[in-house]
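Coordinate analysis (summary)
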Amino acid sequence: MTEEASTLDARLLTSWEANADAWTTAVREQRIPSRRAGTDAAILSACVRVPAARVLDVGCGEGWLARGLAHAGRDVVGMDGSAALVARAEATNPEPARIRFHAVEYAHLVTSPEILSGPWELIVCNFALLGDPLAPLLGALAQRLAPGGRLLIQTVHPWMAVGTSAYADGWREETFDGFGVAFPASMPWFFRTLGSWSEQLLTAGLRIRSLEEPMHPESARPLSLILHAERSEAVGP
């Protein structure tokens, strides 16, 4: 990782600490248009279709997906690099016997295989993979999958999120405009192409099994991209 990327990754984490209250409000009051239009329902539906009793929610934020999965009968561990967001998730945990939350930085998943080791039948990353490079983290998650386990990733749709910029990997800045609440800090995040997603997964020993493109109910344009991945040896040649 370059010095610039390391600095941006660090600022990415600190932005979530600063924005924890604003993010929690935006999510719980359904102020984010794309989530209202279908991305929340899409990832929850995708998770529920996987026959998994135990789920690891990576980048769980304030805990909405963990709560939804517990309501659907799953046992869930939610983890996030932001201690402030984990505190908000714990404060509104309706089922402590079914949901547990942990503050864990992503880097520790890579360096400490014993942390949240699983094995997990389902690991979900919902708009949670914002840094670069991803292959080390994805490889660490792959090693935590149970035989036949699935990794689900929901991210911005590259063909929609590119906007007027070049269709190329690179760091961008999120200002949270249009989220219906003031955010104290902007957030760096790494845009990657569809080919880059595939390359990062392959490097990590994962292969895309299928993908979904949730559509806006009115415009019929993609809201997001959901990647269904599993360990390469589970797919076969």
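Fair warning: this is a prediction, and the values are worked out from it, not measured in the lab.

Regarding the packing of helix α3 (residues 33-48) against helix α4 (residues 64-71)
Contact geometry for α3 and α4: axes closest at 10 Å, N-to-C directions at 50°. If you check the angle between α3 and α4, you find them oblique. Crossing handedness for the pair α3 and α4: right-handed. Residues Arg 35, Asp 40, Ile 43, Leu 44, Cys 47 and Val 48 of α3 pack against Trp 64, Leu 65, Gly 68 and Leu 69 of α4. Looking at the contact of α3 with α4, its residues break down into seven nonpolar, one polar and two charged.

What about the nonpolar core?
In this structure, Trp 23, Ile 43 and Leu 152 are the most contacted members of the largest nonpolar core, which totals 40 residues. When sequence neighbours within four positions are dropped, the list of residues in contact with Trp 23 reads Trp 16, Ile 32, Arg 35, Leu 85, Phe 179 and Phe 183. Formed by 27 residues, the second largest nonpolar core is a distinct cluster that contains Leu 116, Ile 123, Leu 134 and Trp 197.

Brief notes about the pattern of salt bridges
For the structure on display, the rule yields eleven salt bridges. Among the ionic pairs, Glu 29 bridges to Arg 31, the shortest N-O distance being 2.5 Å. Here Glu 230 ties to Arg 209 by a salt bridge, and the two come within 3.3 Å at their closest N and O atoms. Note that Glu 230 is positioned in strand β9 (residues 225-231) and Arg 209 in strand β8 (residues 206-212), a separation of 21 residues in sequence. Take Glu 230: its relative accessible area is 5%, and that puts it in the buried class. Ionic contacts of the salt-bridge type, sharing partners, join the residues Arg 28, Glu 62 and Arg 67 into one network.

Observations regarding the pairing of strand β7 (residues 187-191)
Counting buried residues along β7, five of its five residues qualify, which places the element largely inside the surrounding structure. Of the two faces of β7, both are covered, the one formed by Met 187, Trp 189 and Phe 191 as well as the one formed by Pro 188 and Phe 190. In terms of strand pairing, strand β6 (residues 170-174) meets β7 through five bridges, oriented antiparallel. Bridge pairing in β7 links Gly 170 to Phe 191.

Procedures and definitions
Residues numbered from 1 in each chain as written. Predicted model: local features only at pLDDT ≥ 70, side-chain atom pairs only at ≥ 80, totals over all residues. Heavy atoms only, no water. Axes fitted to C-alpha atoms, helices over the stretch in contact; angles between N-to-C directions. Helix = DSSP H or I, 4+ residues; strand = E, 2+ residues; numbered from the N terminus. Parallel < 35°, antiparallel > 145°, perpendicular 65-115°, else oblique. Left-handed = near helix turned anticlockwise from the far one by under 90°. Contact = heavy atoms within 4.5 Å. Nonpolar A, V, L, I, M, F, W, Y, C, P; charged D, E, K, R; others polar. Core = buried A, V, L, I, M, F, W, Y, C linked by side-chain atoms within 4.5 Å. Buried < 20%, exposed > 50% of the residue type's maximum accessible area, 1.4 Å probe, protein only. Salt bridge = Lys/Arg side-chain N within 4 Å of Asp/Glu carboxyl O. Pairing = 2+ DSSP bridges.

Coordinates in, geometry out; function isn't part of it.
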